Amino acid sequence: MMALVPLFWVLPVACQEREYFHHRYWDCHFNQTWDSTSVAKALIGKWKLIYVSSYADPSLTYEGDKNQVVEFQKDSVFVRINGRITDQGTWSVGIEDQSLHDPDFIAYGVNTQPFISLLKGRLLICEDKLMINNSYIDGADGYFDRVYP
């Protein structure tokens, strides 16, 4: 029983760190003014997947250890794992979520043809970080860092 005590101290701290990380994206993103044009412009470039987190289905949670990169070009999007294209298509930015109670709350998302599940969700952009938030409908959240040439 004594061996379990430290585990109960460690788990809440780890969960709080992830929770803080999640909220930091929200605070930073909504401190800026966004529209579909500014979101699209901010996405252009390469984004490396850091990890995927799913509260509804923990089996979907994983660290981005496959060298998975999403590249948004003007009209095309490519998903690569270790340099090999695994998904590609065209993309546009549209409204993903809008509050009925707060008309100022508008969250944008990426629409792809064909559908790319990794890119489904509300986009939260904060400097060189991107979160694709899909946990609000029991999906997974993807966390990305911008890749510079």
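A brief report on the enclosed structure follows. (Residues numbered from 1 in each chain as written. Predicted model: local features only at pLDDT ≥ 70, side-chain atom pairs only at ≥ 80, totals over all residues. Heavy atoms only, no water.)

**Points about the state of the cysteines**
So, step 1. One pass over the structure, following the stated rule, counts one disulfide.
So, step 2. A sulfur-sulfur distance of 1.9 Å marks the disulfide that ties cysteine 28 to cysteine 126. Taking the sign of the S-S torsion, about 90° here, the bridge from cysteine 28 to cysteine 126 comes out right-handed. You can see cysteine 28 sitting in helix α1 (residues 4-29) and its partner cysteine 126 sitting in strand β7 (residues 122-126), a full 98 residues away along the chain. Of the two residues, cysteine 28 and cysteine 126, both sit in the buried class. (Disulfide = S-S within 2.5 Å. Helix = DSSP H or I, 4+ residues; strand = E, 2+ residues; numbered from the N terminus. Buried < 20%, exposed > 50% of the residue type's maximum accessible area, 1.4 Å probe, protein only.)

**Focus: the pairing of strand β4 (residues 76-81)**
So, step 1. Here strand β3 (residues 68-72) runs beside β4; their pairing, made up of five bridges, is antiparallel. Its bridge partner being in β4, phenylalanine 72 is matched across the sheet by valine 77.
So, step 2. Two successive antiparallel strands, β3 and β4, enclose a turn made up of three residues.
So, step 3. Sheet topology places β4 next to strand β5 (residues 84-98); six bridges connect them, and they run antiparallel. Counterpart to isoleucine 81 in the pairing with β5 is arginine 84.
So, step 4. Taken together, β4 and the strand that follows it, β5, pair antiparallel across an intervening segment of two residues, in which asparagine 82 is found at a positive phi of about 50°. (Pairing = 2+ DSSP bridges.)

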